[in-house]
Number of protein chains: 6
Amino acid sequence: MSAKPSPVTTTIDYEQEGKQRSYLRLPHSRNSSAWGSILIPMTVVKNGRGPTVLFTGGLHGGEYEGVVSLMKLSRELQPETIQGRVIIIPALNLPAVLAGQRLSPIDNKDLNRVFPGAWNGTTTQVIAHYIHDVVLPLCDAVIDLHAGGYSLSLIPYMSMHYLADETQNQQTFAAMQAFEAPVSLMIKEISGEGLLDYAVERMGKIFLCAEVGSAGTLSPTVVKLADIGVRNLLKHFGILEGEMMTREAQGLPPSRLMEVPSAKNYHIAIAGGIYESFFELGDWIEANQTIGQIHFPENFTWEPQPIIAQTSGVLLCTRGPGFVEIGDSVAVLAQDLDVS
Amino acid sequence: MSAKPSPVTTTIDYEQEGKQRSYLRLPHSRNSSAWGSILIPMTVVKNGRGPTVLFTGGLHGGEYEGVVSLMKLSRELQPETIQGRVIIIPALNLPAVLAGQRLSPIDNKDLNRVFPGAWNGTTTQVIAHYIHDVVLPLCDAVIDLHAGGYSLSLIPYMSMHYLADETQNQQTFAAMQAFEAPVSLMIKEISGEGLLDYAVERMGKIFLCAEVGSAGTLSPTVVKLADIGVRNLLKHFGILEGEMMTREAQGLPPSRLMEVPSAKNYHIAIAGGIYESFFELGDWIEANQTIGQIHFPENFTWEPQPIIAQTSGVLLCTRGPGFVEIGDSVAVLAQDLDVS
Amino acid sequence: MSAKPSPVTTTIDYEQEGKQRSYLRLPHSRNSSAWGSILIPMTVVKNGRGPTVLFTGGLHGGEYEGVVSLMKLSRELQPETIQGRVIIIPALNLPAVLAGQRLSPIDNKDLNRVFPGAWNGTTTQVIAHYIHDVVLPLCDAVIDLHAGGYSLSLIPYMSMHYLADETQNQQTFAAMQAFEAPVSLMIKEISGEGLLDYAVERMGKIFLCAEVGSAGTLSPTVVKLADIGVRNLLKHFGILEGEMMTREAQGLPPSRLMEVPSAKNYHIAIAGGIYESFFELGDWIEANQTIGQIHFPENFTWEPQPIIAQTSGVLLCTRGPGFVEIGDSVAVLAQDLDVS
Amino acid sequence: MSAKPSPVTTTIDYEQEGKQRSYLRLPHSRNSSAWGSILIPMTVVKNGRGPTVLFTGGLHGGEYEGVVSLMKLSRELQPETIQGRVIIIPALNLPAVLAGQRLSPIDNKDLNRVFPGAWNGTTTQVIAHYIHDVVLPLCDAVIDLHAGGYSLSLIPYMSMHYLADETQNQQTFAAMQAFEAPVSLMIKEISGEGLLDYAVERMGKIFLCAEVGSAGTLSPTVVKLADIGVRNLLKHFGILEGEMMTREAQGLPPSRLMEVPSAKNYHIAIAGGIYESFFELGDWIEANQTIGQIHFPENFTWEPQPIIAQTSGVLLCTRGPGFVEIGDSVAVLAQDLDVS
Amino acid sequence: MSAKPSPVTTTIDYEQEGKQRSYLRLPHSRNSSAWGSILIPMTVVKNGRGPTVLFTGGLHGGEYEGVVSLMKLSRELQPETIQGRVIIIPALNLPAVLAGQRLSPIDNKDLNRVFPGAWNGTTTQVIAHYIHDVVLPLCDAVIDLHAGGYSLSLIPYMSMHYLADETQNQQTFAAMQAFEAPVSLMIKEISGEGLLDYAVERMGKIFLCAEVGSAGTLSPTVVKLADIGVRNLLKHFGILEGEMMTREAQGLPPSRLMEVPSAKNYHIAIAGGIYESFFELGDWIEANQTIGQIHFPENFTWEPQPIIAQTSGVLLCTRGPGFVEIGDSVAVLAQDLDVS
Amino acid sequence: MSAKPSPVTTTIDYEQEGKQRSYLRLPHSRNSSAWGSILIPMTVVKNGRGPTVLFTGGLHGGEYEGVVSLMKLSRELQPETIQGRVIIIPALNLPAVLAGQRLSPIDNKDLNRVFPGAWNGTTTQVIAHYIHDVVLPLCDAVIDLHAGGYSLSLIPYMSMHYLADETQNQQTFAAMQAFEAPVSLMIKEISGEGLLDYAVERMGKIFLCAEVGSAGTLSPTVVKLADIGVRNLLKHFGILEGEMMTREAQGLPPSRLMEVPSAKNYHIAIAGGIYESFFELGDWIEANQTIGQIHFPENFTWEPQPIIAQTSGVLLCTRGPGFVEIGDSVAVLAQDLDVS
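Keep in mind that this is a model prediction, so the values were computed, not measured.

Undergrad: Quick one: what's the story with the confidence of the model for chain A, residue by residue and with numbers?
TA: Per-residue confidence for chain A averages 95 on the pLDDT scale, and 97% of its residues sit at or above 70. This prediction of the complex comes with two scores: 0.96 for pTM and 0.95 for ipTM.

Undergrad: Could you give an account of the interface of chain A and chain B, with specific residues and numbers?
TA: Counting from both sides, the interface comprises 37 residues of chain A and, opposite them, 37 residues of chain B. Elements that contribute at least two residues to the side of chain A that touches chain B include exactly helix H1 (64–76), helix H2 (94–99), helix H6 (220–236) and strand E13 (273–277) of chain A. Tallying contributions element by element places H1 of chain A first for the side of chain A that touches chain B, with five residues. Residue classes in the side of chain A that touches chain B are distributed as 22 nonpolar, 11 polar and four charged.

Undergrad: Pulling in residues and values, what's your account of the relation of the copies chain A and chain B?
TA: Overlaying chain A with chain B gives an RMSD of 0.0 Å, the required rotation being 180° about an axis along which the chain moves by 0.0 Å. Expressed as a symmetry operation, the mapping of one chain copy onto the other fits a two-fold axis. Taking C-alpha positions as reference, the residue of chain A nearest the rotation axis is Ala215 of chain A, located at 3.7 Å. Counting the interface residues of chain A, we find that 100% of their copies in chain B are interface residues as well, pointing to one common contact surface.

Undergrad: Describe helix H3 (residues 123–135) of chain D, listing the residues and the values that go with them.
TA: All names here are of chain D. Here H3 spans 17 Å end to end across 13 residues, near enough to the 18 Å set by a 1.5 Å rise per residue. Most of H3 is tucked away: 11 of the 13 residues are buried. When we look at burial in H3, the residues that qualify are Thr123, Thr124, Gln125, Val126, Ile127, Ala128, His129, Tyr130, Ile131, His132 and Val135. Looking at the buried residues of H3, the elements they touch are strand E2 (18–27), strand E3 (37–47), strand E4 (52–57), strand E5 (84–89), helix H2 (94–99) and helix H5 (196–202).

Undergrad: Give a description of the domain arrangement of chain A that names residues and reports values.
TA: All names here are of chain A. Examined at the domain level, chain A breaks down into domain 1 (9–260) and domain 2 (265–336). Taking only C-alpha atoms, the centre of domain 1 and the centre of domain 2 are 30 Å apart. The partner domain 2 presents 12 residues to the 16 residues of domain 1 that form the contact. Mapped onto the side of domain 1 that touches domain 2, the elements with two or more residues apiece are strand E7 (152–154) and strand E11 (256–260). Broken down by element, the side of domain 1 that touches domain 2 gets its largest block of residues, five residues, from E11.

Undergrad: Got a sec to walk through the interface of chain C and chain A? Specific residues and values, please.
TA: Each partner contributes to the interface: chain C provides four residues, whereas chain A provides four residues. Along the lines of polarity and charge, the residues of the side of chain C that touches chain A split into two nonpolar, one polar and one charged.

Undergrad: I'd like a description of unusual backbone geometry, backed by residues and values.
TA: As a rule of thumb, non-glycine residues mostly have phi less than zero, and peptide bonds are mostly trans rather than cis. In this chain, Phe115 of chain B is followed by Pro116 of chain B through a cis amide linkage whose omega measures 10°. One non-glycine residue, Asn108 of chain C, lies in the positive phi region at around 60°. The topology assignment puts Asn108 of chain C in the loop between helix H2 (94–99) and helix H3 (123–135). A tally of 16 C-beta atoms within 10 Å means that Asn108 of chain C is categorised as partly exposed. The backbone of Glu180 of chain C sits at a positive phi, close to 60°, despite the residue not being glycine. Within the secondary structure layout, Glu180 of chain C lies in the loop between helix H4 (166–178) and strand E9 (183–187). Given 23 C-beta atoms within a 10 Å radius, Glu180 of chain C is considered buried.

Undergrad: Summarise the arrangement of the chains; cite the residues concerned and give the values.
TA: One finds no contact between chain A and chain D; the C-alpha atoms of the two approach each other to within 10 Å at their closest. At no point do chain C and chain E touch; the closest pair of C-alpha atoms across them sits 10 Å apart.

Undergrad: Break down the nonpolar core for me, citing the residues and quoting the values.
TA: It is characteristic of soluble globular proteins that their nonpolar side chains tend to be buried jointly. Core analysis: the biggest nonpolar cluster contains 636 residues, and Leu208 of chain A, Leu208 of chain B, Leu208 of chain C, Leu208 of chain D, Leu208 of chain E together with Leu208 of chain F have the highest contact counts within it. Once residues lying within four places of it in the same chain are set aside, the contact partners of Leu208 of chain C are Ile143, Met158, Met160, Thr172, Ala175, Met176 and Phe179 of chain C.

Undergrad: Any details on helix H6 (residues 220–236) of chain F? Residues and values, ideally.
TA: End to end, H6 of chain F covers 24 Å across 17 residues, agreeing with the expected 24 Å (1.5 Å per residue, within 8%). For H6 of chain F, every residue scored as buried is listed here: Val222, Val223, Leu225, Ala226, Ile228, Gly229, Val230, Asn232, Leu233 and Leu234 of chain F.

Undergrad: Hey, could you go over the sheet that holds strand E16 (residues 305–308) of chain B for me, with residue numbers and the actual values?
TA: Taking strand neighbours across the sheet as the criterion, the four strands line up as E16-E15-E13-E18 (chain B) in an open arrangement whose pairing is antiparallel. Among the strands making up the open sheet, the edge pair consists of E16 and strand E18 (323–324) of chain B. As judged from the four bridges shared by strand E13 (residues 273–277) of chain B and strand E15 (residues 290–295) of chain B, these two strands associate in the antiparallel manner. The residue of E15 of chain B that forms the bridge with Tyr275 of chain B is Ile294 of chain B. Each of E13 and E15 of chain B is contacted by H1 of chain A, which is oriented at about 90° to E13 of chain B, the strand it contacts most.

Undergrad: Please provide a residue-by-residue account of the sheet that holds strand E16 (residues 305–308) of chain F, values included.
TA: One key point about sheets: their strands pair by backbone hydrogen bonds, in either a parallel or an antiparallel sense. Across the sheet, four strands lie side by side as E16-E15-E13-E18 (chain F); this open sheet has antiparallel pairing. The two strands at the open ends of the sheet, each matched to only one other strand, are E16 and strand E18 (323–324) of chain F. Running over the sheet, helix H1 (residues 64–76) of chain C touches strand E13 (273–277) and strand E15 (290–295) of chain F and is turned about 90° from E13 of chain F.

Conventions used here
Residues numbered from 1 in each chain as written. Chains lettered and ligands numbered in written order. Predicted model: local features only at pLDDT ≥ 70, side-chain atom pairs only at ≥ 80, totals over all residues. pLDDT = per-residue confidence, 0-100. Contact = placed C-beta atoms within 7 Å. Helix = DSSP H or I, 4+ residues; strand = E, 2+ residues; numbered from the N terminus. Nonpolar A, V, L, I, M, F, W, Y, C, P; charged D, E, K, R; others polar. Least-squares fit on C-alpha atoms with pLDDT ≥ 70 in both. Expected span 1.5 Å × (residues − 1). Buried ≥ 20, exposed ≤ 12 C-beta atoms within 10 Å, placed from the backbone. Domains from an automatic or database assignment. Core = buried A, V, L, I, M, F, W, Y, C linked by C-beta atoms within 7 Å. Pairing = 2+ DSSP bridges. Axes fitted to C-alpha atoms, helices over the stretch in contact; angles between N-to-C directions.

This is the structure:
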């Protein structure tokens, strides 16, 4: 199927020097518009030779800091200040972003579960296909900005997978640290076929996934963190000149290197109700401690159901909203990683 | 209409000594249940003579700390430890609580906008009517626990209205302070006909409204705050014995007495988009400063729209989720109140 | 409010001799029809002097035998064969009947909970108001045909309330027995303000409510039962000539006279799940026996929850569909009534 | 209930000289905004003494010409050019206008069926109540601009009711003619309790209702017609100076004076399907002619069902969309009115 | 996948002489019907030798003239009057036609975007697959009748693509002109993979697409136009005898030959709001003229946003409903084509 | 695609001796849970050597007897009492079972129409893929328990297809009879690609489909029938010891061997309305008799539409709910099968 061309069009010429701002346009036939389309803003800034970096935000709606930070970057970045090419798409799954929800309201799909997409698929699949087939081949590195969204609260972190290719692994690791997030996280394994992550990694390129922001809110502190991290990365790749803004320079402790090494680090609800965590983010939890409990407000005869820690670790991520359904993730524990 | 009896029934006898746990039962005819009903858990603990206090939570769904704190109180409170009567309804608008949303999913109504209710109205109105006509007359004080819910983040506070009756005003003020919230807030005027607040105040009783919790999350720190505050109030009213747990005893600064004196303290969005606050809760903002701005992710030619402070004050309450619609509240500023 | 005229119109003249078939017409402004209307078929057959009987079906959608039986009666009844007046509305809440569901899909209301209605209310209330203000005053007796609908399975019965007025009670009792249902049921008390029943009874008229049909199905045996019962009633009132078709003449045992005397006869689910009845309709159950149990297919660690009989009696009515929600009625027991 | 104050607020002072543009603000508590509000733009222009005229548009969404014409008028009108006061609310039921549908998406109500409204009702009722209690008392004349909306196509007309008060009738008639619509229409009777029309007429004021626009479209020709008509009315009332733009001056035939005198002029569908009109707007139809027919695309054995003219007349109004439901209006015939 | 047989069945034998009327039957398992099916009426008329023509309507719901015209043709056509075979499916996407909307309400798909379909796909894909695999191979020519639907108003036209095969191009051109539409339109390129058009063209057959009808309405003038055009085509192909009804014979000007040669002819909204066209259909517009503007009824501080003509041409197609969303088509300009 | 691994995981080891109870876990990203999952209970009991039998229930929601019977079996079965392996999944399409509806509420798909599934498809397809690729290869026989669900009432039967492989046919036939259902049914042909049936049969294994239960209800008599049948099968396969519980031993007539040999046995509605069957289940119907009729409650001028028997036979299956839509199955007739 991938031989088929994408129905997505744009007036932007990726090879043109200078700064271009326009749209990715997808045909979208609706009941109220036979010949409607979806317009996804994109900015391309290019100057001479140098690496190409793609910044994406809004793969999920309801994750705001990255979107706002990239909208600002789109406005500010000028060709004369860079060497190379920067492609910025602050709200890649625009229908989801405008709806403020994780999934596209058009086809109810999660953009970060459908890569490499399909040219004749639903809207979300068509977006994925265009990025995969047209944009990724242009890039040396891809930085994807997420947040916890409505359902998760977390300590802001920049993450990467353990990669088999040593060079790719080292280059990705160096870039991860340049972002200067409070936590730099190595993840051994994520279930997910369909992730943008794997699509990029398989091409041998650098891929980073930031999780900056919690519970569907937009924190000014976290926006600032993203603003700095994004510019640090541009400097790290030699696209922008100037010194990186380290955490030390900001008067902050160094980024904490951690890992989420196994399925035991994840804890899920085995009943629906109201989840009461007994710990705040960053707290240390011992294996077999009770992390929290699930309450049943409709029936006073049912005792709260405890969630027991399967391993020891720091509470990196916890359930965002109070209510929870069976099978939902309620706590992720992380361990410090010794790289000495 | 109020002469008509409520269709709500319960097996609880409010005058009986001891502890009773049961349900308020409302007939609820659905397509999938001709003779269905809604069962709202209620606990009544009574011992001898003493005041009657009603604790309510869950007037809105998605406001969790109060619900959880009152479910625990319902379990723990024993008649032999009290003097008087405590009525606890942790999840008064149960359908909204189970849905995790502010409004009842049955009739789309806000329980805290429909008092005094109607015996032959919709489900939410029937709940309000029963509370108003049957439960409130039994009470000396009513403590209603809210949180910011999905749409608001705020500094936890206990609040009251400025009351015309001096005695009522003083007694309410004393009770407010006994809760030992981070902020104790005097509110000059809220628009709202339909509030439980006014229904109770008009009867000459003590009414307190707590806002403890933010953005639809459930914070263990805030649950603890509610646990302490609720027991402090029981001691304040002489129902429980023992010393109050002051903020001082907890190693905390004293409760900050503040007020929201006018409509100028409230700031609303005049466009829909993504709201980026420039300040964190607790920050001081000068009049005419830009509090934040609204971004438009679908159109890169539209500049962000600023929100300008109409007065000086502390950021007491800010928009919870990143997205905002026209007319939504995005910032409430409060001023310190000098009562010396 | 009742002084206001109904917006409902009809081309039928209730005082005209002969047979008229037409519609009750309600204005109904929709998005797809500014000047739309709802048309409810009605048949009036009149001949000379004699009592007026109103037959209604379809107060709820999804209760089919009565609707079909009355549609046939509407076709067949001819003025020359009667003395008096017969008004037949087979599908009174037509939007609900067409949707096959208990509540009106327009306003989500139960027509049999909104009497006496309101001239300026929602669609269902307007229907109730017209019947109450315009049609009921014309009638001597009202026969309302229901079935269990989607949510209930039951032994077909004709029922009446215990009435304070002795004459009214006796006349109603005689009419109930003329219907020749398998069970004739005395009901001491039903919660329901808003019932058509009370509206008619308060006017001092005869009111009968049949429950003929189960679980949203349409049984040919039960249709035949309704066909016979409806004609028997017309003969009982002297409107039709001829002999009544007794159960004896049909080779059936006599109608069993029973009662549902108290709230203890009703059993409700106290958890949602799959309800497994241990008994079939008509079985005798002893007090404290387990009537059935609720299963939880999503969690194998939760034991089924038993439903215990609060009294002894015959299983008159049981839950229709397998799934059940908290608060739903799952079993009604009836006792034989000795009138000797 | 009308003694209760409206919850609607505005920063506009109706008595202030000059031009003010602001909002009517209604509190609107949603799941995604605890303290949300609806903001309805309003413009008030005042200069010295003179009559007060209220122009409203958007009582229904999906009726566009009036909304656009009044938005332009709001921009252009300057206090120095007028004598008196003009109040302009181009999109009174703003939620319906933004949804492009007749009914409010919030409460599913038709604003022009709920007057005089209710201060504690649903959103649409609150809007009606504010207009009724606060704005109407300020006015001498009210001009309400409608169109056919999605469901109706019609010849643009300005209309009035036959009024019992001779002076009121004559003044209204003169104003109707000043609008210079293609048709000026006398309507003997409309069913509708709840109309803005009656609310104004009962106060003894001038009320005009324009129907300008068809089938949910926006025609530049009709916008121009509204632009001229609205300014003609301002001149007619002596608020604007200058000569009226007559139809003669536009090279058009004079306004045709017609009437819709009885229920026989309205024709409704008695089955749902696709309605095929045999006539275009403006065609003359004889009584008993077939106006059109209803097709059933799902069943080729069903013959089309004819609609027969109940009277002779001009086709003034016909069904907009092809599909039709039972009870919908499909054709309105009008007759010429001889006033010589 | 195409080797798999279609689940669609019919009692019609395509090779049988005479006239057959029946259904295409698709299995359709619903919650309310385990073994349900969709029945799409089809008529096949065959007599001796001669070409096979397929007429389709209702690929989209809400496009009525073609459906009605083909339902009439299905009734009237008799085998003794023809030579060859005529297959008529007036409402191919029946679920969409019955819903009066463009997309199927079952799977939310546009039938004219999913060719060649899939035997194991969703309902709309299964319809496409059956037509593609079973019906198209039987045909020499396919005539597909559309209209603007809810979202577009247009000058009625018959259209074809520029085809690479000269013979196919000439035969199609001749057929296009035989329809005698007001405009005959050459289209250089349409985005659309998934169109029925391409599926037929690739098989080397004649394909014509008519757009007859506007804004979801049903015009008697346009039905007549379709009635004549359809019969003209049958005569053109030698299936029906008799003379063609030319526009000249109808006293009309000749069909205007036009083209839409490039993407610049299409104009889209870059904001959502109310679209006010400054031109009527058929008007000539110069490049860089303002075609219309978008109004924002919710905010009086936002100026209307202009739509600028990217080329000169006749307004062939304009937005149907007043409201518009970002990315929607608002104007298509066409140029006269000189074929001398 | 089938080379790709399933995203479904479980803690159960199929090769482990003893009894294991746990979940199949599917990742399920929702708006309210980024990292959510669906947990489907499964029980595996293994002891030594012997055949492997898979019991499935709940392929459709709303079919309850099989689910309840298998939940009990899951509880009761102990490894020490068996020889071989039993895999039990009582509610395979758990989301549909919890919703009480045939189709999954997540993707609106029928699990028994999507085999062999797809590892990267929607939720229902992922379930099918896991069963097909991982579980079926482990099995010697598969017993799938269905019921009529909401839409069908039927005589309880166990069924099989006529199979081409004689050994497979004989073994399946023997197993069918061991279930001891009231009817044992041979089905010549079912339309359905996508059935679990074909997936198993193609692997050369034994497959049986029970239809036990009617109209969405849960009958204690039918649960007992399933309980006995399931244990009989375990004995038949030599997994459980002990004697089979024959119908004779239960005092019942022997299982009636019948067949549904052709499409003529199925009768469908050709109009939507209320379906009145003239026969009860088990009645004998002659060809050309009227089986029932469809009523139209909205229009008294439309005569009921008869359904005529296309063949003679016993009424095996009839429409469950009274209302019916065009194309729905209303009656299936079966004939006795002579195997002497």
